[in-house]
Amino acid sequence: MRLVLAECSVNYVGRLTAHLPRAPRLLVVKADGSVLVHSDGGSYKPLNWMAPPCTLAIEPAEAEDALEMWKVTHKKTGDSLEITVFEIFEEMSRDLGIDPGLQKAGVEAHLQALLAENMASIGEGWKLVRREYPTAIGPVDILAKNPEGETVAIEIKRRGEIDGVEQLTRYVELLNRDPLLAPVTGMFAAQEIKPQARTLARDRGFECLTLDYDELRGIDNSELRLF
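Just so it is clear, the model here is predicted, and its values are computed rather than measured.

### A word on the side chain of Arg-25
Part 1 of the reasoning: Looking at where Arg-25 falls in the secondary structure, it is placed in strand S2 (residues 18-29).
Part 2 of the reasoning: In this structure, Arg-25 is buried with no salt-bridge partner, the nearest side chain bearing the opposite charge being Glu-7 at 8.3 Å.
Part 3 of the reasoning: Apart from residues no more than four positions distant in its own chain, Arg-25 is found in contact with Val-4, Leu-5, Ala-6, Cys-8, Ser-9, Leu-20, Val-37, His-38 and Leu-47.

Structure, rendered in structure tokens:
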């Protein structure tokens, strides 16, 4: 993990174009290759970012008063994140090692356990591979095989929002690098899935599964619905 407090401007060039004017920001370079640009307010989400697989090259800056230009290029799409650094206030690097992942409690953990025990509730022919399947960026809630024998990463939330879809996207991209698992698809499962999250999940080729907590506990025997 590398953290850099710097004055910079940012241009995103690719399927869409976006510009962040010159201002002080936090630049985060993670061990998985992702690069994130944060401000000091407004939201916990980055202003702009590039997810792996991507490459980071530091080049001479075109602006006369700039120190350098970071060019982050996505290996698959060719999209680029160009960060012009004018001044570095402070920076640090540290190897964080392998994170143990979020230890879920309450409803989400129970939903995960119940779904793992009742894979047939998704549909005939579904099989559990493993709960909490370990990866370098955290454990996948459930790794399963669908009736066609394909590997499916299942991300479980109590309330399904866009952040959960982004998390599933990172898992699927990483798992697809393993030739023993690929091709890997995704399923986003939650008690309630927000419309924006459902749209994003479908756009990325993921199935959405609405979970009924009581039904999984055996209180209601009607079948779960796939949307």
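Now, onward.
### Looking at the environment of Phe-89
Part 1 of the reasoning: Mapping Phe-89 onto the fold places it in strand S7 (residues 80-93).
Part 2 of the reasoning: Separated by 63 residues in sequence, Phe-89 and Leu-26 place their C-alpha atoms 10.0 Å apart.
Part 3 of the reasoning: In this view, Phe-89 contacts Leu-5, Ala-6, Glu-7 and Pro-24; residues no more than four positions away in its chain are not counted.

### Brief notes about the nonpolar core
Part 1 of the reasoning: Of all hydrophobic cores here, the largest spans 19 residues; its most connected members are Ala-153, Val-165, Leu-175 and Phe-188.
Part 2 of the reasoning: When residues of this core are traced back to their parent elements, those giving at least two are strand S9 (140-145), helix H2 (162-175), strand S11 (184-193) and helix H3 (195-203).
Part 3 of the reasoning: When residues in this core are grouped by element, the largest group, five residues, is from H2.
Part 4 of the reasoning: Setting aside residues up to four positions removed in sequence, Leu-175 forms contacts with Tyr-133, Thr-135, Val-140, Leu-143, Ala-153, Leu-181, Ala-182 and Val-184.
Part 5 of the reasoning: Counting residues in hydrophobic clusters, the runner-up holds 18 residues, among them Met-119, Met-187, Leu-209 and Tyr-213.

### Topic: the UniProt feature "domain: Endonuclease NucS N-terminal PH-like" (unreviewed entry) in the protein chain
Part 1 of the reasoning: Mapped onto this numbering, the UniProt entry gives "domain: Endonuclease NucS N-terminal PH-like" (unreviewed entry) at residues 2-96.
Part 2 of the reasoning: As annotated, residues 2-96 comprises 0% helix and 61% strand, and the C-alpha atoms at either end are separated by 10 Å.

### Points about helix H1 (residues 107-117)
Part 1 of the reasoning: Of all the positions in H1, only Glu-108, Leu-111, Gln-112, Ala-113, Leu-114, Leu-115 and Ala-116 are classed as buried.
Part 2 of the reasoning: As for H1, its buried residues are in contact with strand S8 (127-133), S9, strand S10 (151-160), S11, strand S12 (207-210) and helix H4 (213-216).

What counts and how
Residues numbered from 1 in each chain as written. Predicted model: local features only at pLDDT ≥ 70, side-chain atom pairs only at ≥ 80, totals over all residues. Heavy atoms only, no water. Helix = DSSP H or I, 4+ residues; strand = E, 2+ residues; numbered from the N terminus. Buried < 20%, exposed > 50% of the residue type's maximum accessible area, 1.4 Å probe, protein only. Lys, Arg positive; Asp, Glu negative; His and termini not counted. Salt bridge = Lys/Arg side-chain N within 4 Å of Asp/Glu carboxyl O. Contact = heavy atoms within 4.5 Å. Core = buried A, V, L, I, M, F, W, Y, C linked by side-chain atoms within 4.5 Å. UniProt positions renumbered as here; feature names shortened; annotations may be inferred.

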